[in-house]
Amino acid sequence: ADGLIATATSDGTVRLWRPGGAPIVLSGHLGEVTALRFSPSGADLVSAGLDAVARVWDPTSGALRHELRPHIFAVSDAVFSPDGRSIVTTSLGREVRRWSTATGELLRDQLGHFAPVNSAAYSPDGRWLVTTSSIAAALWRMPAGDLFAYLRGHETPAVRTASFSRDGKFVVTAGDDGTVRVYRCELCGGIDDLVALARAR
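Right, let's walk through the structure included here. Since we're looking at a predicted model, the values are computed, not measured.

Cut-offs and rules
- Residues numbered from 1 in each chain as written.
- Predicted model: local features only at pLDDT ≥ 70, side-chain atom pairs only at ≥ 80, totals over all residues.
- Heavy atoms only, no water.
- Patch = residues over 30% accessible without salt bridge, like charges linked within 9 Å, V, L, I, M, F, W, Y side chains within 5 Å.
- Areas by Shrake-Rupley, 256 points an atom, 1.4 Å probe, with all protein chains shown as cover.
- Salt bridge = Lys/Arg side-chain N within 4 Å of Asp/Glu carboxyl O.
- Helix = DSSP H or I, 4+ residues; strand = E, 2+ residues; numbered from the N terminus.
- Buried < 20%, exposed > 50% of the residue type's maximum accessible area, 1.4 Å probe, protein only.
- Pairing = 2+ DSSP bridges.
- Axes fitted to C-alpha atoms, helices over the stretch in contact; angles between N-to-C directions.
- Phe/Tyr/Trp six-rings, centres within 6.5 Å; stacked < 30°, edge-to-face > 60°.
- Contact = heavy atoms within 4.5 Å.

## A short note on a nonpolar patch on the surface
Here comes step 1: Taken together, the side chains of Ile-72, Phe-73 and Leu-92 define a hydrophobic patch exposed on the protein surface, amounting to about 330 Å² of accessible area.
Here comes step 2: Along the chain, Ile-72 falls in the loop between β7 (64–68) and β8 (75–80).
Here comes step 3: Ile-72 gets classed as exposed once you look at its relative accessible area, which sits at 67%.

## Observations concerning the sheet that holds strand β14 (residues 137–141)
Here comes step 1: Taken in spatial order, the 4 strands line up as β12-β13-β14-β15 in an open sheet, and their pairing is antiparallel. Either end of the sheet is taken by a strand with one partner, and the two such strands are β12 (117–122) and β15 (146–151). Within the sheet, the average angular offset between the axes of one strand and its neighbour, ignoring direction, is 25°.
Here comes step 2: Bridging between β14 and β15 involves 5 bridges; their strand directions are antiparallel. Considered in β15, the bridge of Ala-137 is made with Leu-151.

## Some thoughts on the packing of aromatic side chains
Here comes step 1: Across all of its chains, the model carries 1 aromatic pair by this definition.
Here comes step 2: Here Trp-128 and Phe-148 contribute two aromatic rings whose centre-to-centre distance is 5.0 Å and whose plane-to-plane angle is 70°, an arrangement assigned as edge-to-face. Residue Trp-128 is located in strand β13 (residues 128–133), and its partner Phe-148 is located in strand β15; the two are separated by 20 residues in the primary sequence.
Here comes step 3: With a relative accessible area of 1%, Trp-128 lands in the buried category.
Here comes step 4: When its relative accessible area of 34% is taken as the criterion, Phe-148 is described as partly exposed.

## Here we look at the sheet that holds β7
Here comes step 1: Here we have 4 strands laid out as an open sheet, ordered β4-β5-β6-β7, and antiparallel in their pairing. Both outer strands of the open sheet, β4 (33–38) and β7, are each paired with one neighbouring strand and no more. The mean inter-strand angle of the sheet, taken between neighbouring strand axes irrespective of direction, is 15°.
Here comes step 2: Pairing analysis gives 4 bridges linking strand β6 (residues 54–57) to β7, with the strands arranged antiparallel. Across the sheet, Trp-57 pairs through a bridge with Leu-64, a residue of β7.

## Regarding the environment of Ala-120
Here comes step 1: Within the secondary structure, Ala-120 is located in strand β12.
Here comes step 2: Judged by relative accessible area, which is 5%, Ala-120 ranks as buried.
Here comes step 3: Along the sequence, Ala-120 and Thr-156 sit 36 residues apart, while their C-alpha atoms lie 19 Å from each other.
Here comes step 4: If we ignore the near neighbours within four places in the chain, the residues touching Ala-120 are Asp-77, Val-79, Val-88, Thr-90, Leu-129, Val-130 and Thr-131.

This is the structure in structure tokens:
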């Protein structure tokens with residue numbers, strides 16, 4: 001983000017590096033940092049950790065903006081929506097929560113997973129969210145957080161990570177069975193794709 005590089009160590013220390021300058025040290029996590037991401041604009045940085053807290057930082061000054069609580073178990077992932085206005089956090093306590101980037105306010109409580117959640121990813125247009133767990137991947141309509149479908153097919157149920165294609169029409173998952181699966185989502189494209197699909201039907 002604007003020449004900055006963020007790194008984290010197993011003791012929970014986050015560092016912001018700028019070419020030619022000394023790093024800014026961000027302290028607060030009481031254990032390993034599990035996720036570290038800049039917002040799309042680069043104006044915010046979110047970190048998540050085994051201490052069951054996600055934190056939002058000012059990457060310019062290193063100041064802590066918000067602590068995203070409460071999670072009961074370790075926070076496994078934290079991702080910004082494409083517009084940067086909200087953050088989704090996932091946890092090993094089966095929790096998926098959505099927060100305001102600006103205020104740190106909890107916008108949506110659990111989305112209803114039945115197993116520890118490993119990761120989350122937004123579609124490019126922000127209308128969909130895919131999460132992965134030890135049971136399956138799940139596809140959600142956003143921002144409401146309504147469950148749309150479970151993505152099954154891996155030989156062992158644990159799914160570690162997932163992402164959308166650039167056009168938003170495909171979801172790719174990777175699981176503990178050593179395979180990568182590709183799912184087509186006809187409803188996940190843009191408005192032009194939805195109109196074409198409606199006309200075809």
